[in-house]
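Given next are the chains, with one letter for each unit.
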Amino acid sequence: MTLVLRFQIRLSYGRATFAPRTSSEQPRSIPQFRGLRVILADDDALNRTVTKKLLEKLGCEVTAVSSGFECLSALSSAENSVRLVVLDIQMPEMDGFEVATRIRKVRSRSWPLIIAVTASAEDNVWERCLQMGMNGMIRKPVLLQGMADELQRVLQRVGEGL
């Protein structure tokens, strides 16, 4: 997670503003993500809120849930309108690997797209994600540019992107 602080100092002889916004901080919707229906599953409320805001900045329509069970329920009630599931790998009761496995048993191998989010530094995490039918992976802390890059890579691989 990135923390951006902005300070404004008002002095008697004028006003100075520090840490001006850069273009990378500006909310930006990317055309191929606009309207992309996403289910986000993360048990941690702060991580869920931050990741949801990042996805919304990119133009996605996000349904956020706090467990694997809620994710499966939201996916089944959304019929075929959800195109992407973003899963935290380490959730209690049912982890992201189990959620992905259950999605792939019911849905096709490539739809919906599944992107894992993990804080794990283990080398074999990506291989395990692939084995479970996931299409991509983002390491925490989740940053706007990293999210955009991985979404674009995954969408391009299935012919939905640029």
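As the structure is a computational prediction, the values presented were derived from the model and not from experiment.

Caption draft 1: Inspection of the pattern of salt bridges at higher detail. Tallied over the full model, the rule gives six salt bridges. The closest approach of N and O atoms between Glu61 and Arg37, which form a salt bridge, is 4.0 Å. With a gap of 24 residues between them, Glu61 in strand E4 (residues 61-65) and Arg37 in strand E3 (residues 37-41) connect regions that are remote in the sequence. Exposure remark for Glu61: the relative accessible area of 44% places this residue in the partly exposed category. Note that Glu98 is salt-bridged to Arg102, the shortest N-O span being 2.8 Å. Taken as a pair, Glu98 and Arg102 lie in helix H3 (residues 96-106) at a separation of four residues, close to a single helical turn. For Glu98, a relative accessible area of 32% corresponds to the partly exposed category. Among the charged side chains, a salt-bridge network with shared partners connects Asp42, Asp88 and Lys140.

Caption draft 2: Up close: the UniProt feature "modified residue: 4-aspartylphosphate" (unreviewed entry) in the chain. The UniProt entry lists Asp88 under the feature "modified residue: 4-aspartylphosphate" (unreviewed entry), expressed in the numbering used here. You can see Asp88 is positioned in strand E5 (residues 84-88). Discounting residues that sit within four places of it in the chain, Asp88 has contacts with Ala41, Asp42, Asp43, Gly96, Val117 and Lys140.

Caption draft 3: Geometry of the packing of aromatic side chains. Under the definition given, this model contains zero aromatic pairs. The positively charged end of Arg128 is found above the aromatic ring belonging to Phe97, 3.9 Å away from the centroid.

Calculation criteria
Each chain has its residues counted from 1, running along the sequence as written. Only residues with pLDDT of 70 or above have their local features reported here, since the model is predicted, and side-chain atom pairs are shown and tallied only from 80 upward, although totals for entire chains, interfaces and linings are computed over all residues. Side-chain numbers come from the whole structure's heavy atoms, not from hydrogens or water. What counts as a salt bridge is simple: a side-chain nitrogen of Lys or Arg found within 4 Å of a carboxyl oxygen of Asp or Glu. Secondary structure counts use DSSP, requiring at least four H or I residues in a row for a helix and at least two E residues in a row for a strand, with both numbered from the N terminus. Using a 1.4 Å probe on the protein chains alone, a residue whose accessible area is under 20% of its type maximum counts as buried, one over 50% counts as exposed, and one in between counts as partly exposed. UniProt positions are given in the numbering used here, feature names are shortened, and annotations may be inferred rather than shown by experiment. Working rule for contacts: check all heavy atoms of both residues, and any pair within 4.5 Å makes them a contact. Centre distance within 6.5 Å is the pairing criterion for rings of Phe, Tyr and Trp, where only the six-membered ring of Trp is used; planes under 30 degrees apart are then read as stacked, over 60 as edge-to-face, and the remainder as tilted. Counted as over-ring charges are cases with an Arg CZ or a Lys NZ within 6 Å of the ring centre that also lie within 35 degrees of the ring normal.

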